[in-house]
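The chain contents come next:
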Amino acid sequence: MTDSKTSSTNSLLSKAWVYYEQGPITQILQQTSIPIDTELGLNELIIEIKAAALNPVDIQIGNIPQWIANWILFTGINKPKVPAADFSGIIYKIGSNVTKYKIGDEVFGLNFSLTGNGCLSQYIKLSENLPTLTHKPANLSHIEAAAIPLAFLTVYTALNNWGGFQNDDTTDQKVLILGASGGVGHIACQMARAMNKYVVGVCSTQNIEFVKQMGANEVIDYTTNDVVSASKEYGPYDIILDCVGGTQLIPYLNSDFLKSNQSIYLTIVGDKTSRGVMGGVASYIFTPAMVFRSLKSMIGLGPRYYCINLSLTEENTNQMVSMLKKGMIKPVIDSVFEFSNHVKQAYERLDTGRVKGKVVIDFDK
Ligand SMILES: NC(=O)c1ccc[n+]([C@@H]2O[C@H](COP(=O)([O-])OP(=O)(O)OC[C@H]3O[C@@H](n4cnc5c(N)ncnc54)[C@H](OP(=O)(O)O)[C@@H]3O)[C@@H](O)[C@H]2O)c1
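Residues numbered from 1 in each chain as written. Predicted model: local features only at pLDDT ≥ 70, side-chain atom pairs only at ≥ 80, totals over all residues. Heavy atoms only, no water.

Caption draft 1: Focus on the site of the ligand. For the ligand, the set of nearby residues contains 27 residues, the closest of which are Ser181, Ser204, Tyr222, Arg354 and Val355. One of the side-chain nitrogen or oxygen atoms of Tyr222 is found 2.3 Å away from an oxygen atom of the ligand. Within the complex, 88% of the 930 Å² of free accessible area of the ligand lies under protein. Put simply, the parts of the chain that give the shell around the ligand at least two residues each are α2 (56–62), α5 (149–162) and β10 (198–203). Across the shell around the ligand, the residue classes tally to 13 nonpolar, 12 polar and two charged. Two domains each put at least three residues into the shell around the ligand: domain 1 (6–148 + 331–362) and domain 2 (150–307). (Near = heavy atom within 4 Å. Polar contact = N/O pair within 3.5 Å; in protein donor to acceptor, adjacent residues only side chain to side chain. Areas by Shrake-Rupley, 256 points an atom, 1.4 Å probe, with all protein chains shown as cover. Helix = DSSP H or I, 4+ residues; strand = E, 2+ residues; numbered from the N terminus. Nonpolar A, V, L, I, M, F, W, Y, C, P; charged D, E, K, R; others polar. Domains from an automatic or database assignment.)

Caption draft 2: Representation of a nonpolar patch on the surface in the model. Together, Val291, Phe292, Leu295, Met298, Ile299 and Leu301 make up an exposed nonpolar region whose accessible area comes to about 640 Å². Within the secondary structure, Met298 is located in helix α10 (residues 288–298). Met298 gets classed as exposed once you look at its relative accessible area, which sits at 55%. (Patch = residues over 30% accessible without salt bridge, like charges linked within 9 Å, V, L, I, M, F, W, Y side chains within 5 Å. Salt bridge = Lys/Arg side-chain N within 4 Å of Asp/Glu carboxyl O. Buried < 20%, exposed > 50% of the residue type's maximum accessible area, 1.4 Å probe, protein only.)

Caption draft 3: Geometry of the side chain of Asn316. Residue placement: Asn316 occurs in helix α11 (residues 314–325). On the basis of relative accessibility, which here comes to 3%, the residue Asn316 falls in the buried class. For Asn316, the contacting residues outside a window of four places in its chain are Phe152, Leu153, Tyr156, Thr157, Asn161 and Ser311. (Contact = heavy atoms within 4.5 Å.)

Caption draft 4: Region of the structure containing the pattern of salt bridges. For the structure on display, the rule yields 11 salt bridges. Here Lys125 makes a salt bridge to Glu44, at a shortest N to O gap of 3.7 Å. Residue Lys125 is found in strand β7 (residues 123–127), and its partner Glu44 is found in strand β4 (residues 44–53); the two are separated by 81 residues along the sequence. A residue is classified by how much of its surface remains accessible, and Glu44, at 26% relative accessible area, is partly exposed. Two residues, Asp334 and Arg349, come together in a salt bridge whose shortest N-O distance is 2.8 Å. With Asp334 in strand β15 (residues 333–338) and Arg349 in helix α12 (residues 343–351), this residue pair connects regions lying 15 residues apart in the sequence. Put simply, Asp37, Glu44 and Lys125 are held in one network by salt bridges that share partners.

Geometry only, nothing functional implied.
Next comes the structure, spelled out in structure tokens:
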């Protein structure tokens, strides 16, 4: 049987924001309808999206040069590419072997795609085995749940998987968070504080109170202070988490900044400072200095330094749900934009680099 949303018996028409050619996302995005194949594999399911959160990486993927998209990522010429990775929604249809979910279940998660299989679409098709798909905690709305996965998984990867922070009573551990007010930084402050760590956050004047509310014990205003000397005053640290990029602290990673030879400088951006260019481990490709720094650290000839990406594991996803259910982490929404016609404005807001928390798209509007 076909319904009004169905373009044929085996596909569903989904309103979506897409782009066909690479470029600045606010210029290339357009609204259209894309068919979603409703013939499901045994473990596949279709989710009706209710909310999606935007991330700088959406903009960075749009900016990948056309030749790389065509000939290295094989994104498909003239194929519509849908951006955005963070979502929350409701299970709409399931394959015959799906056991973890049933129709109507509220779910959220992260569907990271370099090839344009993103979430700014009313419906998406995924596998039930995607490690970053899970049930949405009842204490969060879809808007709140969508705001969490990419930021949480990035921070947990850094603080726990790399930095070794646990949720324990070790209150003498200290973390410095550069970019403490942004989408990732505000979760980093909350998580470190929830793990009983001493938190020093760096942000601009307008965000000082916000960063304190997020859990920072000390706040450094980078617009009125020399970040090097101010952060040295509160140091040394067990972890320095850089969510901004650049090399400002790199020459100073001595015992004033890193507490022991187990202490670590982690950047999720790299040496680059341009927001439009892909960062994380991709920065190693273009920045030999970062490669040498990490190699020196690996062989014990320099301070521990790594540029990292978020780890998309089921274990980290389970930690996310657990901490959310206990109220240890609460999303902060910078702004909500309508899916129907304000997605470009939402990306413009994110692209200012001045957001406080997350920018979210509401699919009911
Ligand atoms: N490697 C990975 O796996 C990974 C994962 C997630 C994100 N990332 C990258 O991490 C970066 C941050 O992501 P995000 O989502 O947090 O971005 P975002 O939300 O756009 O970050 C905006 C925040 O950055 C702050 N900021 C800008 N310049 C600053 C400076 N010099 N010092 C301190 N704070 C500064 C701003 O605060 P003020 O207004 O106070 O300046 C604002 O609150 C992006 O480049 C993103 O691509 C990487």
